[in-house]
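Okay, here's what each chain looks like letter by letter:
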Amino acid sequence: MAYSVEDLREMLSRTYGLPYGPGKTAAIEQVLRHTDAAGDPELSFDVRMMATDAYALGGEPAKSMVTFSWCLAEFDRDPGRDYHEAWSDTLLWQFKYMVDDFVSFPGVPLARTYALLDDMERRYREAGEQTQAVYHYRHVVARHVGDDEAAAHWYERWVTAPRDELSDCIGCDPRGMMSHLISTGRYADAIELGEATLVQPLVCVQQPQSVQNALMFPYLRTGRGQDAAEMQRRSYRVIKNDVSDMGDVAEHLEFCAVTGNEHRGLEMLERHLSWVPRAPSPVVLMDFAASAGLLLRRLIELGHGDAPVRRGEETVPARELGAEMAGTARDLAARFDARNGTAARSAGVERTLGATPNEVTVTLNDR
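Residues numbered from 1 in each chain as written. Predicted model: local features only at pLDDT ≥ 70, side-chain atom pairs only at ≥ 80, totals over all residues. Heavy atoms only, no water.

**A closer look at the domain arrangement of the protein**
Interface size is commonly expressed as the accessible area that is lost once the parts come together.
So, point 1. Partitioning the protein into structural domains gives domain 1 (1–82) and domain 2 (240–367).
So, point 2. For domain 1 and domain 2, the distance between their C-alpha centroids amounts to 35 Å. (Domains from an automatic or database assignment.)

**Concerning the pairing of strand S1 (residues 308–311)**
So, point 1. Here S1 runs beside strand S2 (residues 314–317); their pairing, made up of 4 bridges, is antiparallel. Across the sheet, the residue bridging to Arg 311 is Glu 314, located in S2.
So, point 2. Linking two consecutive strands that pair antiparallel, namely S1 and S2, is a turn of 2 residues; a positive phi of about 65° is found at Gly 312 within it. (Pairing = 2+ DSSP bridges. Helix = DSSP H or I, 4+ residues; strand = E, 2+ residues; numbered from the N terminus.)

**Examining the side chain of Glu 74**
So, point 1. Topologically, Glu 74 is positioned in helix H4 (residues 61–77).
So, point 2. According to the relative accessible area criterion, Glu 74 is buried, its value standing at 14%.
So, point 3. In this structure Glu 74 touches Phe 45, Arg 81, Tyr 83 and His 84, once residues within four positions along its chain are discounted. (Buried < 20%, exposed > 50% of the residue type's maximum accessible area, 1.4 Å probe, protein only. Contact = heavy atoms within 4.5 Å.)

**Comments concerning the layout of surface pockets**
So, point 1. In this structure, the second largest pocket encloses a volume near 230 Å³.
So, point 2. No other element matches the 5 residues that helix H6 (residues 88–103) contributes to the lining of the second largest pocket.
So, point 3. Looking at side-chain class alone, the lining of the second largest pocket contains 7 nonpolar, 1 polar and 6 charged residues. (1 Å grid on protein atoms, 1.4 Å probe; cavity = no way out; pocket = protein on both sides within 12 Å on 5 of 7 lines; lining within 4 Å. Points joined across faces, edges and corners; volume = space filled by probe spheres on them. Nonpolar A, V, L, I, M, F, W, Y, C, P; charged D, E, K, R; others polar.)

**Description of the pattern of salt bridges**
So, point 1. Enumeration over the complete set of coordinates arrives at 30 salt bridges.
So, point 2. Here Lys 96 makes a salt bridge to Asp 168, at a shortest N to O gap of 2.7 Å. One end of the pair, Lys 96, is in helix H6; the other, Asp 168, is in the loop between helix H9 (148–160) and helix H10 (172–183), with 72 residues separating them in the sequence. Like Asp 168, Lys 96 is buried.
So, point 3. A salt bridge links Asp 306 to Arg 319; the nearest nitrogen and oxygen atoms lie 3.6 Å apart. (Salt bridge = Lys/Arg side-chain N within 4 Å of Asp/Glu carboxyl O.)

**Points about the side chain of Thr 131**
So, point 1. Secondary-structure assignment places Thr 131 in the loop between helix H7 (110–126) and helix H8 (132–145).
So, point 2. For Thr 131, a relative accessible area of 8% corresponds to the buried category.
So, point 3. The residues touching Thr 131, leaving out its near neighbours within four places in the chain, are Glu 121 and Arg 125.

**Considerations on the nonpolar core**
So, point 1. Residues Phe 255, Leu 269, Leu 296 and Leu 321 are the most contacted members of the largest nonpolar core, which totals 55 residues.
So, point 2. Residue assignment for this core shows that the elements contributing at least two residues are helix H12 (209–221), helix H13 (225–239), helix H14 (246–258), helix H15 (262–272), helix H16 (282–301), helix H17 (318–340) and helix H18 (344–353).
So, point 3. Among residues more than four places away in sequence, those in contact with Leu 296 are Leu 269, Val 309, Ala 318, Leu 321, Gly 322 and Met 325.
So, point 4. One finds Tyr 55, Met 65, Met 120 and Val 141 within the second-largest nonpolar core, a separate group that totals 44 residues. (Core = buried A, V, L, I, M, F, W, Y, C linked by side-chain atoms within 4.5 Å.)

**Focus on the packing of H13 against H14**
So, point 1. Between H13 and H14, the shortest axis-to-axis distance is 11 Å and the interhelical angle comes to 140°. By the angle class used here, H13 and H14 are oblique. Crossing of H13 against H14: the hand is left-handed. Along the contact surface, H13 presents Ala 228, Ala 229, Gln 232, Ser 235, Tyr 236 and Ile 239, while H14 presents Asp 248, Val 249, His 252 and Phe 255.
So, point 2. Here the residues of the contact of H13 with H14 are counted per class, giving 6 nonpolar, 3 polar and 1 charged. (Axes fitted to C-alpha atoms, helices over the stretch in contact; angles between N-to-C directions. Parallel < 35°, antiparallel > 145°, perpendicular 65-115°, else oblique. Left-handed = near helix turned anticlockwise from the far one by under 90°.)

**Some words on unusual backbone geometry**
So, point 1. For the peptide bond that leads from Gln 207 to Pro 208, omega is 5°, which places it in the cis range.
So, point 2. Along the chain, Pro 208 falls in the loop between helix H11 (187–198) and H12.

**Digging into the environment of Phe 336**
So, point 1. In this structure, Phe 336 sits in helix H17.
So, point 2. Each C-alpha atom, one on Phe 336 and one on Gly 107, is 8.4 Å from the other, the two residues being 229 residues apart in sequence.
So, point 3. Ignoring sequence-local partners within four residues, the contact set of Phe 336 consists of Val 103, Ser 104, Phe 105, Pro 106, His 144, Pro 282, Val 283, Met 286 and Arg 345.

**Some words on the packing of H15 against H16**
So, point 1. Two numbers describe how H15 lies on H16: the axes approach to 10 Å, and their chain directions differ by 140°. Between H15 and H16, the angle falls in the class oblique. For the pair H15 and H16, the crossing hand works out as left-handed. Note on element contacts: H16 touches H15 through Phe 288, Ala 292, Leu 295, Leu 296, Arg 298 and Leu 299, opposite Glu 262, His 263, Gly 265, Leu 266, Leu 269 and His 272.
So, point 2. Broken down by class, the residue content of the contact of H15 with H16 amounts to 7 nonpolar, 3 polar and 2 charged.

**A closer look at H8**
So, point 1. Taking 1.5 Å of rise per residue, 14 residues should cover 20 Å, and H8 covers 21 Å from first to last C-alpha, within 8% of that figure.
So, point 2. In the stretch just after H8, Gly 146 is the one whose phi turns positive, near 85°. (Expected span 1.5 Å × (residues − 1).)

**So, a negative patch on the surface**
So, point 1. Side chains of Glu 42, Asp 82, Glu 85, Asp 89 and Glu 165 sit close together on the surface and give a patch of like negative charge.
So, point 2. With respect to the helices and strands, the residue Asp 89 is situated in helix H6.
So, point 3. Here Asp 89 falls in the partly exposed class, since its relative accessible area comes to 41%. (Patch = residues over 30% accessible without salt bridge, like charges linked within 9 Å, V, L, I, M, F, W, Y side chains within 5 Å. Areas by Shrake-Rupley, 256 points an atom, 1.4 Å probe, with all protein chains shown as cover. Lys, Arg positive; Asp, Glu negative; His and termini not counted. Charge placed at Lys NZ, Arg CZ, Asp CG, Glu CD.)

**Concerning the packing of aromatic side chains**
So, point 1. Inspection of every chain in the model, using the stated rule, returns 5 aromatic pairs.
So, point 2. Where Tyr 155 meets Trp 158, the ring centres are 5.8 Å apart and the plane angle is 85°; that geometry is what we call edge-to-face. In this pair, Tyr 155 and Trp 158 are both assigned in helix H9, 3 residues apart and thus about one turn of the helix distant.
So, point 3. With a centroid separation of 5.8 Å and 80° between ring planes, the pair formed by Phe 217 and Phe 255 is classed as edge-to-face. With Phe 217 in helix H12 and Phe 255 in helix H14, the pair connects residues that are 38 residues apart, well separated along the chain.
So, point 4. Taking the relative accessible area as the measure of exposure, Phe 217 reaches 9% and is therefore buried. (Phe/Tyr/Trp six-rings, centres within 6.5 Å; stacked < 30°, edge-to-face > 60°.)

Below, the structure is given as structure tokens:
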């Protein structure tokens, strides 16, 4: 069926208020399938810009790399077009998605990620924008590859640089800073930052649940078990239905495994095993598999190695599934390390798989 440009624009307008996820993505893709045949360059550009956001925020980052690359090439061919100018700030924003995406797929060479960061910084400076977001994402890459010195350097540049409209929102920006503080054992600082963030007027679709998620382990490590449980309850009820939050769900599996809530964790694992074939990225699958492997190891240690675990229409013994999940995590970590030229991702996976129970007792009640 052939659609007119007016028909396609009307179809696209109906997607504006939809939440990010499969429904919004499918609606935009329906327009995308017919756009080029309509012969309207502006519509072709608009729909791909919207598709990039939908893919990045809807759990399909691999697709976002394709639409972003198309739009960037088209923009550079003729940056003076009015509709290109209208999208210019959004295109700069989407560079941040791409940095995350590039490091999350081991098949993307690391040199390509560094080139993307350099291009991002050049474009931000040429547009007269601050480079706070550039420092943020240089830090993200340094942490991923395990370069602690570079990560600390870019963290300091990030937190001391002035914010602007291209900085992550007032919830997501401190959430990223919390990750660094937690990874360096600065739990009190992470709590202070997280608590200060939660009293802000957060309007981002990823907040406040992402900050609540990040507070679980700092509270746990500082003896505040009930506060940790409350953060677990609040964040999980929001993220449990969205595959794009699979990485955060992994932290809940780990939390249950080290707080004496292994059977509650098993319920979560059974709920989310169907996500494994459609994990948003290999790095998310690696983290999920490592946390699942830890949880199943704890169940084995408690004498439940032969317990059946529901996976779709079948059941798998906990012992067998635990070996599978640990193997998946290790295989993916090895691929990332081969790409990165470090052992950081394998070391991280082994830390998760070998985690021991926490001394603080935590009771999880509300599902």
